[in-house]
Amino acid sequence: MNLCNPRVIRELMEEAGIRFRRDLGQNFLVDPAVPEEIADAASVDEDAVILEIGPGIGCLTAALAERYRRVVAVEIDRGLIPVLEKTLAEYENVTVVNGDCMEVDLSALLSAAAGGGVPGVDFPVAVAANLPYYITTPILLKLLESGIRFSRITVMVQKEVADRLAAAPGSKDYGAITAVLGYYGTVERRFTVSPGSFLPPPAVSSAVVSIDLYPEPRFKPLSEKVFFAAVHAAFEQRRKTLVNALSARFSDLGKEKLGEIVVSCGFPADVRGERLGTGEFVALSDALFRAREALTGKAD
Ligand code: SAM
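Residues numbered from 1 in each chain as written. Predicted model: local features only at pLDDT ≥ 70, side-chain atom pairs only at ≥ 80, totals over all residues. Heavy atoms only, no water.

**Quick look at the pairing of strand β5 (residues 125-130)**
- With 6 of 6 residues buried, β5 lies mostly within the body of the structure.
- Every second residue of β5 is oriented toward a common face, with Val125, Val127 and Ala129 on one face and Ala126, Ala128 and Asn130 on the other, all of them buried.
- Direction of pairing for strand β2 (residues 49-53) relative to β5: parallel, over a ladder of 4 bridges. Following the sheet pairing, Val49 is matched in β5 by Val125.
- Summarising the sheet, β5 and strand β6 (residues 150-158) pair through 5 bridges and their orientation is parallel. Each residue of the ladder has a partner; that of Val125, found in β6, is Phe150.
- Read as a crossover between parallel neighbours, the route from β5 over helix α6 (residues 136-145) to β6 is right-handed. (Buried < 20%, exposed > 50% of the residue type's maximum accessible area, 1.4 Å probe, protein only. Helix = DSSP H or I, 4+ residues; strand = E, 2+ residues; numbered from the N terminus. Pairing = 2+ DSSP bridges. Right-handed = clockwise from strand over helix to strand, strands pointing away.)

And the structure:
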């Protein structure tokens, strides 16, 4: 069955009595080269268990199942489950789960699918997905903050989001998500995909990116909580100087002290947060942590 053929997709959906759901970001791939390329990029290890978010009718799922030990595919749309049972019937190494990827216990699912063990420790795990665009950043943050040691996360996202994920400090696309991503790993832009590669075509262009996660944490802030608070404060008001932006979340320290901290970290007094790379945010957050500790005896 050619799962990238628009006629096949329409027939499968008609048979199941379902329609494309815009609210769930349902734009299915119809260019057969794209799922193959995403699947190729997903992992260097064919023994990996792959988590797929949003299998749709299963074109990427099948390409992943051909290459890797096991695929766990989480699909929120109950109407697609009978379709997936049919399209993936020949693959014994696929587990389809009906659920919201933001709600399910990913670690438990991956462990059960692999027959036990801790994902990322006892067996390699990676993520591959053509993401629903309405929820891209929350999904990426959930994956990164899950504590699961994914070796790589390869996802199709809106092109503008790809630009943001891979942006350099100081550039117009650099934002909180870029600095946060840099905490967990490195981003590689792979290729762009035009709207015509999807059914129905989305209004925007898309791009595939891979995030290679550090096997061991590269940055060790004194407090993760203060690090994330500093990053978010800096970008909540990105037109302001870093000192002014920080004073919203670190008002207890006062502007004068915040100014001293920024300068003591080696930045100009009027620097904006968008100039700081992830490592510099870590240094800043350590200085903030120490200053609070000195002030109150409590740091975060
Ligand atoms: N993988 C298919 C493809 O490439 O053709 C479909 C990709 S489509 C862009 C996104 C898929 O994610 C849809 O099947 C949609 O129903 C599903 N989805 C949307 N929100 C979800 C969520 N919160 N959890 C799991 N799946 C979700």
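**Let's talk about the site of the ligand**
- The immediate surroundings of the ligand are formed by 22 residues, with Leu29, Gly54, Glu75, Asn130 and Tyr134 found nearest.
- With respect to the ligand, the backbone of Gly54 contributes an N or O atom lying 2.8 Å from a nitrogen atom.
- Pro55 has a polar backbone atom sitting 3.3 Å from a nitrogen atom of the ligand.
- Burial of the ligand by the protein amounts to 99% of the accessible area it has alone, namely 590 Å².
- Taken atom by atom, the bulk of the ligand overlaps the largest cavity.
- Secondary structure elements with two or more residues in the shell around the ligand: β1 (28-29) and β3 (70-75). (Near = heavy atom within 4 Å. Polar contact = N/O pair within 3.5 Å; in protein donor to acceptor, adjacent residues only side chain to side chain. Areas by Shrake-Rupley, 256 points an atom, 1.4 Å probe, with all protein chains shown as cover. 1 Å grid on protein atoms, 1.4 Å probe; cavity = no way out; pocket = protein on both sides within 12 Å on 5 of 7 lines; lining within 4 Å. Sits in = over half its atoms within 2 Å of the grid points.)

**Details of the side chain of Ser223**
- Counting through the fold element by element, Ser223 comes out in the loop between β9 (206-213) and α9 (224-236).
- Since its relative accessible area comes to 5%, Ser223 is described here as buried.
- Within polar-contact distance, the side chain of Ser223 engages the backbone nitrogen of Val226 at 3.1 Å.

**Focus on the layout of surface pockets**
- By volume, the largest pocket amounts to about 420 Å³.
- Every residue lining the largest pocket is counted, 18 residues in all, and those nearest its centre are Arg149, Tyr184, Tyr214, Pro215 and Pro217.
- Contributing elements (two or more residues each) for the lining of the largest pocket: α6, β6 and α8 (176-184).
- Quantified by volume, the second largest pocket comes out at close to 250 Å³.
- Taken together, the elements giving at least two residues each to the lining of the second largest pocket come down to α2 (33-42), α3 (59-67) and α4 (81-87).
- Tallying contributions element by element places α3 first for the lining of the second largest pocket, with 4 residues.
- Here the residues of the lining of the second largest pocket sort into 10 nonpolar, 2 polar and 4 charged. (Points joined across faces, edges and corners; volume = space filled by probe spheres on them. Nonpolar A, V, L, I, M, F, W, Y, C, P; charged D, E, K, R; others polar.)

**What to know about the nonpolar core**
- Core analysis: the largest hydrophobic core is formed by 71 residues, its most contacted members being Phe150, Ile153, Leu246, Phe281 and Leu288.
- Ranked by the residues each element gives to this core, the list is headed by α9, at 9 residues.
- Once residues lying within four places of it in the same chain are set aside, the contact partners of Ile153 are Val127, Leu140, Leu143, Leu144, Val209, Ser210, Ile211 and Leu213.
- Counting residues in each nonpolar core, the second largest holds 41 residues, with Ala39, Ala65, Tyr68 and Val71 among its members. (Core = buried A, V, L, I, M, F, W, Y, C linked by side-chain atoms within 4.5 Å. Contact = heavy atoms within 4.5 Å.)

**Examining the packing of helix α10 (residues 242-249) against helix α11 (residues 255-264)**
- Contact geometry of α10 with α11 gives a least axis separation of 9 Å together with a crossing angle of 125°. Between α10 and α11, the angle is such that the two are oblique. In this structure, the crossing between α10 and α11 has a hand that is right-handed. The residues of α11 that touch α10, namely those facing Leu242, Val243, Asn244, Leu246 and Ser247, are Lys255, Leu258, Gly259 and Val262.
- Its residues assigned to classes, the contact of α10 with α11 shows 5 nonpolar, 3 polar and 1 charged. (Axes fitted to C-alpha atoms, helices over the stretch in contact; angles between N-to-C directions. Parallel < 35°, antiparallel > 145°, perpendicular 65-115°, else oblique. Left-handed = near helix turned anticlockwise from the far one by under 90°.)

**What to know about the sheet that holds strand β4 (residues 94-98)**
- If you walk across this open sheet you meet the 7 strands as β4-β3-β2-β5-β6-β9-β7, and the pairing is mixed. Unpaired on one side and paired on the other, β4 and β7 (185-193) mark the two borders of the sheet. Here the average twist between neighbouring strands, direction ignored, is 20°.

**Topic: unusual backbone geometry**
- A cis geometry characterises the amide bond from Leu199 onward to Pro200, with omega recorded as -15°.
- Among the secondary structure elements, Pro200 is positioned in the loop between β8 (198-199) and β9.

**Points about the packing of α11 against helix α12 (residues 278-296)**
- Running from N to C, α11 and α12 cross one another at 140°; their axes reach a closest spacing of 10 Å. It follows from the interaxial angle that α11 and α12 lie oblique. The handedness of the crossing between α11 and α12 is right-handed. Counting all contacts with α11, which are made through Lys257, Leu258, Ile261 and Val262, the residues of α12 involved are Leu284, Ala287, Leu288 and Ala291.
- For the contact of α11 with α12, the residue count by class is 7 nonpolar, no polar and 1 charged.

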